[in-house]
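One-letter residues, chain by chain:
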Amino acid sequence: MNVHVLGSDVETRTLAIVGDLKGLEGPLLPILHEIQAEFGYVPQESLPVIARELNLSRAEVHGVVTFYHDYRDHPTGRHVLKLCRAEACQAMGGDDLAERVKSLLGIDFHQTTLDGAVTLEPVYCLGLCSCAPAAMLDGEVHGRVDADLAKELVTEARR
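Below, the structure is looked at part by part. (Residues numbered from 1 in each chain as written. Predicted model: local features only at pLDDT ≥ 70, side-chain atom pairs only at ≥ 80, totals over all residues. Heavy atoms only, no water.)

## Quick notes on the overall build of the protein
Reasoning step 1: Helices and strands together make up the secondary structure of the protein, namely seven helices and five strands.
Reasoning step 2: C-alpha atoms of the protein, sized along the principal axes, occupy 50 × 30 × 20 Å.
Reasoning step 3: Burial statistics for the protein: of 159 residues in total, 44% are counted as buried.
Reasoning step 4: Taking the intrachain contacts of the protein between residues at least 6 apart in sequence as the baseline, contacts between residues at least 24 apart amount to 60%.
Reasoning step 5: Put simply, the protein shows about 8,900 Å² of open surface, and 51% of that area lies on carbon and sulfur atoms. (Helix = DSSP H or I, 4+ residues; strand = E, 2+ residues; numbered from the N terminus. Buried < 20%, exposed > 50% of the residue type's maximum accessible area, 1.4 Å probe, protein only. Contact = heavy atoms within 4.5 Å. Areas by Shrake-Rupley, 256 points an atom, 1.4 Å probe, with all protein chains shown as cover.)

Right, dumping it as structure tokens:
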């Protein structure tokens, strides 16, 4: 993931990704996933390129990007910590956990620490309902997250 790219480079790389994947059936989602994997987010400069190459309107592409919560329109920190906000996790202390993590990081949901180390995001189910509350750090899922494990995860993400 390289978040420091020039506009023309975004277009060139977007064209390459679209070219590789536009032959798929329903290529928009795989293209958006690959663009986010490449840049760490979906740059606004990519949207007209995707629309043109897939013969879609920019509004259609924008609608898909904004509908799905996993697509980001700005770079994240070096690490992404997601806290489950679903009912099972809330019933098992998820609200207290969220407040603890926000306090440890000094940020709220959808924000990144000033040093660029951690972005905190809510997620609405990690599939670990029996191990609630749950969190995900850089794609690795953690269940039964208590205050001590939360502190460990924040410490790990700050490195």
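## Here we look at unusual backbone geometry
Reasoning step 1: A cis amide bond links Ala132 to the next residue, Pro133, at an omega of -5 degrees.
Reasoning step 2: Locating Pro133 in the fold gives a position in the loop between strand S3 (118–123) and strand S4 (135–137).
Reasoning step 3: Despite not being glycine, His110 has its phi angle at roughly 70 degrees, a positive value.
Reasoning step 4: Here His110 shows up in the loop between helix H6 (94–105) and strand S2 (111–112).
Reasoning step 5: Phi is positive for Cys125, which is not a glycine, with a value near 145 degrees.
Reasoning step 6: Along the chain, Cys125 falls in the loop between S3 and S4.
Reasoning step 7: A relative accessible area of 40% means that Cys125 is categorised as partly exposed.

## Re the pairing of strand S1 (residues 79–84)
Reasoning step 1: Most of S1 is tucked away: six of the six residues are buried.
Reasoning step 2: Taking every second residue as pointing to the same face, both faces of S1 are buried, with His79, Leu81 and Leu83 on one and Val80, Lys82 and Cys84 on the other.
Reasoning step 3: Two strands pair when backbone bridges link them, and S1 and S3 are joined in this way by six bridges, in the parallel orientation. The partner of Leu81 across the bridge, within S3, is Leu120.
Reasoning step 4: Examined bridge by bridge, S1 and S4 share three bridges and lie antiparallel to one another. Note that in S4 the partner of Leu81 across the bridge is Leu137. (Pairing = 2+ DSSP bridges.)

So, to be careful, I would describe these as geometric facts and stop short of saying anything about function.
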